[in-house]
Amino acid sequence: MTVRNRGALAALAAGVAALTAAALVACANQPAGTVGAEEASTLASPAPTAASAPSVPVTAGELPAGPKIIPPVRLLIPEIGVTATVNAVGINERTNEFEVPPSVDQIGWYRYGPGLEAEAGSVVIAGHVDSAKQGKGAFFRLRELDQGDTLTATGSDGEARRYRVVAREEYAKTRIPLDRYFARDGKPRLTLITCGGPFDAKARKYRDNIVVTAVPV
Amino acid sequence: MQLSYFRRVAAGGAVAALAFAGVGALTASPAYAATSKVSVVHGIPDTPVDVYVNGKKTLDNFKPGDVAGPLNLEEGDYDIALTKPGEPIGSAILTVDNAAVPGGANISIAAHLDAAGKPKITPFVNDVSKVDAGKARLIVRHTAAAPAVDVRAGGTPVFEGLTNPNEAKGDVDAGEVKADVVLAGTDTVAIGPADLNLKEGTATIVYAIGSAEGKTLDVVAQTITGLHSAPGGVPSGDGGQAGTGVDTWWYVLTGAGVLLLLGGGVRMATARTGRK
């Protein structure tokens, strides 16, 4: 074999090695991907309204009473090792965004939406995927959840309610249909949200949201 | 915090009740929105009535303090008549002919006393625009035989100098607030205090009804749901450990791999040709 030939072979081998490494890295960094998107959107469509009632509904014009809502206080997802305390949270006044609890091992339930008792609508719980200061968050592995996985949400009434994952979706934050996930109508469902997708190190921001939809078992 | 906000919105919030004619111009409904949601509020003390719409009995023995509806009514003109329960429409105690219901609006028709204590019917257009996430809308309507009033929350006036038959409104932080109604500019409580639970994403409409002279002042409340908005976003990570997708170096590596393969291949080919 000539020297020239050996050089060519070495180049070929190096090329193959580089491409193999690149392919491996690309596979390992696959986005979460989406499963069950259609099922999730079907859940959100409101139930068909019954044919208009023959008589006019009449109610006593009393001042609205305090809502009887059962907040989730604990969330268990064995599949991805989540055991987390759930806090009732609202809106950040400054940003108008969901007030995810600052402590990354705790997660937040959107207290303006339905509670666990609701017979319609989406119960929303969001948590950090990670934090620059505190490391991995409670929802670090949320994107590993798959259809059929189960989770348990315990309410303030002490009752544990089981849910089954029907969808996992990934959306750019600029395109995510938040109205659907924060809906108060449609089938009862539990919606888990965190961040994901490519990370912009300059802005310290993930591009996407990962959304897992589960229904009562 | 909530109170100061309250006051700010109240300043611009006092809005006159709109005549039906004005309603049409304001809502400027698109052609396809032909029906309106119409509720009826009974604010005349001690006077249960039957309600007739276009000569047809629509509400039977409708009691003071009750709210009926919402009804879906086609855009058009309606004759409304109130009779004592069981009495024929000919002996109606109150009639409104050719009340124009515009398309695509949400309306409350209040049967109430005017400032002098005479029964009348006033239509109100309900603001059903979305409220921001975390907020609730409070609308107060003066439909009582009483002078001008202030509405206070936690002892501080939020709507001032409200007169019959007008409304004041504002979007406030959702939650509970202790409210009362005082004679304008005084601390003389006319109604309340009462705990108002303002649920997020709803409009709570409170009508002051009855008569100050007759000592029948009271409130009727109507709630409109479904006005909520989603939060602006869900920011839930700034660590970057879970980032997916590939960085710039990946493209460099891939590019180098391709070049090496091509280069090696060409060299190999030319080497073989050279030997021949």
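### Quick word on unusual backbone geometry
Link 1 in the chain: The omega torsion across B:Asn164 and B:Pro165 is 0 degrees, close enough to zero to call that bond cis.
Link 2 in the chain: As for its position among the elements, B:Pro165 is in the loop between strand S12 (156-162) and strand S13 (167-173).
Link 3 in the chain: Across the junction of B:Gly192 and B:Pro193, the peptide omega takes the value 5 degrees, indicating a cis bond.
Link 4 in the chain: Structurally, B:Pro193 can be placed in strand S15 (residues 189-198).
Link 5 in the chain: Its identity as a non-glycine residue notwithstanding, A:Asn96 has a phi of 65 degrees, on the positive side.
Link 6 in the chain: For A:Asn96, the position within the fold is in the loop between strand S3 (82-89) and strand S4 (107-110).
Link 7 in the chain: The exposure class of A:Asn96 is partly exposed, given its relative accessible area of 30%.

### A word on the sheet that holds strand S2 (residues 72-77) of chain A
Note: strands within a sheet are paired through backbone hydrogen bonds, in either parallel or antiparallel orientation.
All names here are of chain A.
Link 1 in the chain: With respect to topology, eight strands assemble into a closed barrel ordered S2-S3-S4-S5-S10-S11-S9-S8, the strand pairing being mixed. Neighbour-to-neighbour, the strand axes of this sheet turn through a mean angle of 35 degrees, independent of strand direction.
Link 2 in the chain: Summarising the sheet, S2 and strand S8 (residues 150-155) pair through four bridges and their orientation is antiparallel. Within the sheet, the bridge partner assigned to Pro72 lies in S8 and is Gly155.
Link 3 in the chain: Packing against the sheet, helix H2 (residues 37-44) makes contact with strand S9 (160-172), strand S10 (189-200) and strand S11 (205-216), and its axis sits at approximately 115 degrees to S9.

### Here's the deal with the interface of chain B and chain A
Link 1 in the chain: Between chain B and chain A, the contact holds 61 residues from the first and 65 residues from the second.
Link 2 in the chain: For the chain B and chain A pair, buried surface summed over both sides reaches about 5200 Å², with 63% attributable to carbon and sulfur atoms.
Link 3 in the chain: The largest contributions to the chain B side of the interface with chain A come from B:Val234, B:Ser236 and B:Thr244, which together make up 13% of the buried area.
Link 4 in the chain: Where chain B meets chain A, there are one salt bridge.
Link 5 in the chain: One can count 21 residue pairs in polar contact (both at pLDDT 80 or more) joining chain B with chain A.
Link 6 in the chain: When contributions to the side of chain B that touches chain A are tallied by element, the ones reaching two or more residues are strand S4 (56-62), strand S5 (66-74), S15, strand S16 (203-209), strand S17 (218-224) and helix H3 (248-275) of chain B.

### Digging into the packing of aromatic side chains
Residues and elements named next belong to chain A.
Link 1 in the chain: Within the structure shown, the criterion is met by seven aromatic pairs over all chains.
Link 2 in the chain: Ring plane angle 85 degrees and centroid distance 5.5 Å describe the contact between Tyr110 and Tyr112, whose orientation is recorded as edge-to-face. Of the two residues, Tyr110 and Tyr112, both sit in the buried class.
Link 3 in the chain: In textbook terms, an aromatic cluster arises when at least three aromatic residues are bridged by ring pairs, as seen for Phe98, Tyr110, Tyr112 and Phe182.

### Some points on the environment of B:Glu160
Residue and element names in this part refer to chain B.
Link 1 in the chain: Its location among the elements puts Glu160 in strand S12.
Link 2 in the chain: Take Glu160: its relative accessible area is 57%, and that puts it in the exposed class.
Link 3 in the chain: Residues Glu160 and Ala184 lie 24 residues apart in sequence; the distance between their C-alpha atoms is 6.7 Å.
Link 4 in the chain: Discounting residues that sit within four places of it in the chain, Glu160 has contacts with Val149 and Asp150.

How each quantity is defined
Residues numbered from 1 in each chain as written. Chains lettered and ligands numbered in written order. Predicted model: local features only at pLDDT ≥ 70, side-chain atom pairs only at ≥ 80, totals over all residues. Heavy atoms only, no water. Helix = DSSP H or I, 4+ residues; strand = E, 2+ residues; numbered from the N terminus. Buried < 20%, exposed > 50% of the residue type's maximum accessible area, 1.4 Å probe, protein only. Pairing = 2+ DSSP bridges. Axes fitted to C-alpha atoms, helices over the stretch in contact; angles between N-to-C directions. Contact = heavy atoms within 4.5 Å. Buried area = accessible area lost by both parts, 1.4 Å probe. Salt bridge = Lys/Arg side-chain N within 4 Å of Asp/Glu carboxyl O. Polar contact = N/O pair within 3.5 Å; in protein donor to acceptor, adjacent residues only side chain to side chain. Phe/Tyr/Trp six-rings, centres within 6.5 Å; stacked < 30°, edge-to-face > 60°.

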